[in-house]
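Structural overview for review
Listed here are the chains, written in short residue letters.
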Amino acid sequence: MIDLEMNQFKSLYRISLLGWLNILLVLIATTLSMVPVATGSKIIEMDRNLQNNLEQFLSSKIKVEAESKHTNNWAVLVSTSRFWFNYRHMANALSMYRTVKRLGIPDSQIILMLADDVACDSRNMFPGTVYNNADRALDLYSNNIEVDYRGYEVTVDTFLRVLTDKVDPALTPRSKRLLTDEKSNIFIYMSGHGGNEFLKFQDAEEVSAFDLADAFAQMWETKRYNEILFMIDTCQANTMHSKFYSPNILAVGSSELDESSYSHHADADVGVAVIDRFTYYNLEFLEKVNKDSKLTMQDLFNSYDPMSIHSHAGVRTDLYPRNLSEVLITDFFANIQAVEIDRDDFDDTYDDFQYILEDSSL
C-alpha cells in the first residue's frame, strides 16, 4: 500500500471522486446535446428532472459530511495475561480479531496486542494453534494473523502510547500505530485478570480506570476519535469504565464490582479453559452479523443473560449521545466505505453541471 498520511489519502480520494463525477456529468451533457429540444419549457423541465436525478444519485452513493462524521473503523484488541493457564485470554482477543477481520476491517486498521504466545508453548498438544472451542473446528492462529505487539512488548506504557499516538514515528512502523482521526470509530477490547478499577498486564503491572479515562480524554482533545466502543472481559470489569468522562464513549464490561468473570468451558486435551463466558456469548451473537446487517448495539446488549454469563454485564451510556437502537453493530465491528465530500466541492460540481447543461441546450 502506498505510504500516505491519512489526510493525504482522503484528499486524493475526494479529488478522484469529484473527477469521476465531472466525467459522468460531461457524458450526460453530451447525450443531451444529441437530443432535439423544441421549446424553452422543455429545457427547463429537463433541467429540473436532471437536477433531481443527480441529487438522488449523489445522496445514494455519498455520505455528505453534514449527515455523517464517521468514515472509518479501527480496532484495538488486547490480551494482557501471560502464562499457559491464561490460554483463554489470548483466545478471547484472537476471537475478536477474527470477527472484525471477517466483517472487513483490514489489518492496517487493527492493533493486536498479545502478552503471551500460547501457540508456541511447549505444553500445547497442538503446536502453532489456538482454539476457542473444545471441538477445535477453528484455528484462530492461522497464517493470516498479524500481531503488532507480543510478549514483553505488551505493557501499560505501550498500550497508552498506542492510544494517544505518543510514539516515535521514526522507530514505530505505521502498521503498529493507531492512525485515527476525528472521523474514526474505534472498538477497544481488553481481556485479562483484573479487580476494582484495575487490569493486570503481564501479572507485573496494572492499568487503572483513571489511566484509561485520561488516555481517552487526550484522544478526544487531539481529535483521535469520533466514537469509542470499549469492551472489557475481566473480574469486576464494570469498574474499569466508571471513571470515563470524555464524550462519545459507549462502554460495556463483563461483571460488576465484587463479581468474577468466568470461563465458559475447557478442552480436556488442551488441559485449560479455552474461552471466557462473556466473550463466548458476544461471539455467538456476532456470528449472526454480516457486513449488511441491521442488528444494533441494543440487540447485542439485550442478548446478555446473567444466567448464561454467570455475571452481570454492565453497559454505560451516559457519555454516548445516540440511541442504541439506531447504532448498527457494523458501526464498530465492520469496515465501512463512507466517502467524505465537502459541501463546497459538491456545489462547485453542480454549478459545472448547470453550465454544461445550458451550453448543450443551445
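What comes next is a walk through the structure. Within any chain, residue numbers begin from 1 and follow the written order of that chain's sequence. A pLDDT threshold of at least 70 governs which residues receive local features in this predicted model, and a stricter bar of 80 or more applies before side-chain atom pairs are shown or counted, although totals over entire chains, interfaces and linings include all residues. Heavy atoms throughout the structure, all of them, feed into the side-chain values; hydrogens and water do not.

**Quick word on the overall build of the protein**
Per the convention used, a helix needs a DSSP run of H or I reaching at least four residues, while a strand needs a run of E reaching at least two, with both numbered from the N terminus. Summing up its helical and strand segments, the protein has 10 helices and 12 strands in all. The buried label goes to any residue with under 20% of its type's maximum accessible area, the exposed label to any with over 50%, and the partly exposed label to all in between, with areas taken from a 1.4 Å probe on protein chains only. Taking all 362 residues of the protein together, the buried fraction comes to 51%.

**Concerning the packing of helix α4 (residues 156-164) against helix α5 (residues 209-221)**
Think of each axis as a best-fit line through the C-alpha atoms, taken over the contacting stretch in the case of a helix, with angles from 0 to 180 degrees between the N-to-C directions. At a minimum axis distance of 9 Å, the contact between α4 and α5 shows a crossing angle of 25°. With respect to their mutual orientation, α4 and α5 come out roughly parallel. As α4 runs across α5, the sense of the crossing is right-handed. Residues Phe159, Leu160, Leu163 and Thr164 of α4 touch α5, and the partners they reach there are Asp211, Leu212, Ala215, Phe216, Gln218 and Met219. Orientation categories follow fixed angle ranges, with anything under 35 degrees roughly parallel, anything over 145 roughly antiparallel, 65 to 115 roughly perpendicular, and all other angles oblique. When the near helix sits turned anticlockwise from the far one by under a right angle, the crossing is termed left-handed; a clockwise turn instead gives a right-handed crossing. In this description, contact between two residues means that some pair of their heavy atoms is separated by no more than 4.5 Å.

**Things to note about the packing of helix α3 (residues 87-102) against helix α6 (residues 277-286)**
Where α3 meets α6, the closest approach of the two axes is 10 Å, and the angle between their N-to-C directions is 15°. Regarding the angle of α3 to α6, the classification is roughly parallel. The two elements α3 and α6 meet at a crossing, and its hand is left-handed. Of the residues in α6, those in contact with Asn92, Ser95, Met96, Thr99 and Arg102 of α3 are Thr279, Asn282, Leu283 and Leu286. Think of it as three bins: nonpolar holds Ala, Val, Leu, Ile, Met, Phe, Trp, Tyr, Cys and Pro, charged holds Asp, Glu, Lys and Arg, and polar takes everything else, Gly as well. Here the residues of the contact of α3 with α6 sort into three nonpolar, five polar and one charged.

**Remarks on the pairing of strand β2 (residues 110-114)**
A regular strand places its side chains so that they alternate between the two faces of the sheet. The element β2 is extensively covered by neighbouring structure, given that five of its five residues are classed as buried. Residues Ile110, Leu112 and Leu114 point to one face of β2 and Ile111 and Met113 to the other, with burial holding for every one of them. Strands qualify as paired when DSSP identifies two bridges or more between them. In this structure, strand β1 (residues 72-79) lies alongside β2, joined through five bridges in parallel fashion. When the sheet's bridge partners are listed, valine 78 is paired in β2 with methionine 113. Note on handedness: a clockwise path from strand one over the helix to strand two, with the strands aimed away from the viewer, defines a right-handed crossover. Handedness of the crossover joining β1 and β2 through α3: right-handed. Examined bridge by bridge, β2 and strand β3 (residues 149-150) share two bridges and lie parallel to one another. Bridged to methionine 113 within β3 is tyrosine 149.

**Some details on the side chain of aspartate 117**
Turning to its location among the elements, aspartate 117 is positioned in the loop between β2 and β3. When residues no more than four places from it in sequence are discounted, the contact partners of aspartate 117 are Met90, Tyr141 and Arg150.

**Side note on the sheet that holds strand β12 (residues 314-316)**
Ordered in space as β3-β2-β1-β4-β8-β9-β12, the seven strands form an open sheet in which the pairing is mixed. The outermost strands of the open sheet, each flanked by one partner alone, are β3 and β12. Its contacts with the sheet put α5 on β4 (184-191), β8 (227-233) and β9 (249-253), and the angle it makes with β8 is roughly 160°. α6 rests against β4, β8 and β9 of the sheet, and its axis sits at about 130° to β8.

**Describing the environment of serine 246**
Secondary-structure assignment places serine 246 in the loop between β8 and β9. Accessibility expressed as a relative area gives 4% for serine 246, which makes it buried. Excluding residues within four positions of it along the chain, serine 246 makes contact with Ala213, Phe216, Ala217, Trp220, Tyr225 and Leu319.

**A few points about the pairing of β1**
Among the eight residues that make up β1, eight are buried, leaving the element largely enclosed by the rest of the structure. Burial of the side chains of β1 extends over both faces: Asn72, Trp74, Val76 and Val78 are buried on one face and Asn73, Ala75, Leu77 and Ser79 on the other. Note that β1 and β4 share eight bridges and pair parallel. Bridged to tryptophan 74 within β4 is isoleucine 186.

**With respect to the sheet that holds strand β6 (residues 198-201)**
The strand order across the open sheet built from three strands is β5-β6-β7, with neighbouring strands paired in antiparallel fashion. Of all strands in the sheet, those bounded by a partner on one side alone are β5 (194-195) and β7 (205-208). Against the sheet, α4 makes contact with β6 and β7, and its axis sits at roughly 35° relative to β7, the strand it touches most.

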